[in-house]
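Structural description and commentary
Chain by chain, the residues:
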Amino acid sequence: MKGLSPEMQEKLKRLQSIYGVKTPEEKKRNPIYLNEIEKDVDTIIRDEAENIYREETGEEPPEKIPQEYIDKAMISILKRWQETLKPLIELIQRTAPPLEVTKPKCPKHGVELRKVGENHWRCPYGDYDVRGFYG
């Protein structure tokens, strides 16, 4: 929105609110919090369940939190972790180099060996052959 007149910025905000479009910096993110990495899973779930209980009831949570709040906490944590990890996994899959299956090469001639049978490869110029799996 930089470079737009105040009038156009106002129109853009109004259209974004009508159509539910948000700019990247306005997107709500649910990251995996750094303190969650250091805690064990039971503690993370309990903390989240306590927060949900406080938000919904407006009271301090009891010593034994009802199961419904624990379930909501687990779902909330799972969604947050999925939202954080899905883009990372997709990025890794897009940027990871493809696995290359290389055919064996003749050490003397430097050419690829020809497949002459099941797991059997032979040099086209010499008597060098190899047995083994190569894709």
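Since the structure is predicted, the reported quantities are computational estimates derived from the model, not experimental observations. (Residues numbered from 1 in each chain as written. Predicted model: local features only at pLDDT ≥ 70, side-chain atom pairs only at ≥ 80, totals over all residues. Heavy atoms only, no water.)

**Description of unusual backbone geometry**
Positive phi outside glycine occurs at N119, with the angle close to 60°. You can see N119 is positioned in the loop between β1 (114-117) and β2 (120-122). For N119, a relative accessible area of 29% corresponds to the partly exposed category. (Helix = DSSP H or I, 4+ residues; strand = E, 2+ residues; numbered from the N terminus. Buried < 20%, exposed > 50% of the residue type's maximum accessible area, 1.4 Å probe, protein only.)

**Describing the pattern of salt bridges**
Counted under the stated rule, the structure contains five salt bridges. A salt bridge links R46 to E50; the nearest nitrogen and oxygen atoms lie 3.3 Å apart. Of this pair, R46 and E50 both sit in helix α3 (residues 41-57), separated by four residues, roughly a single helical turn. We note a salt bridge from R80 to E48, for which the minimum N-O separation is 3.6 Å. One end of the pair, R80, is in helix α4 (residues 67-95); the other, E48, is in helix α3, with 32 residues separating them in the sequence. The same class applies to R80 and to E48, which are both buried. (Salt bridge = Lys/Arg side-chain N within 4 Å of Asp/Glu carboxyl O.)

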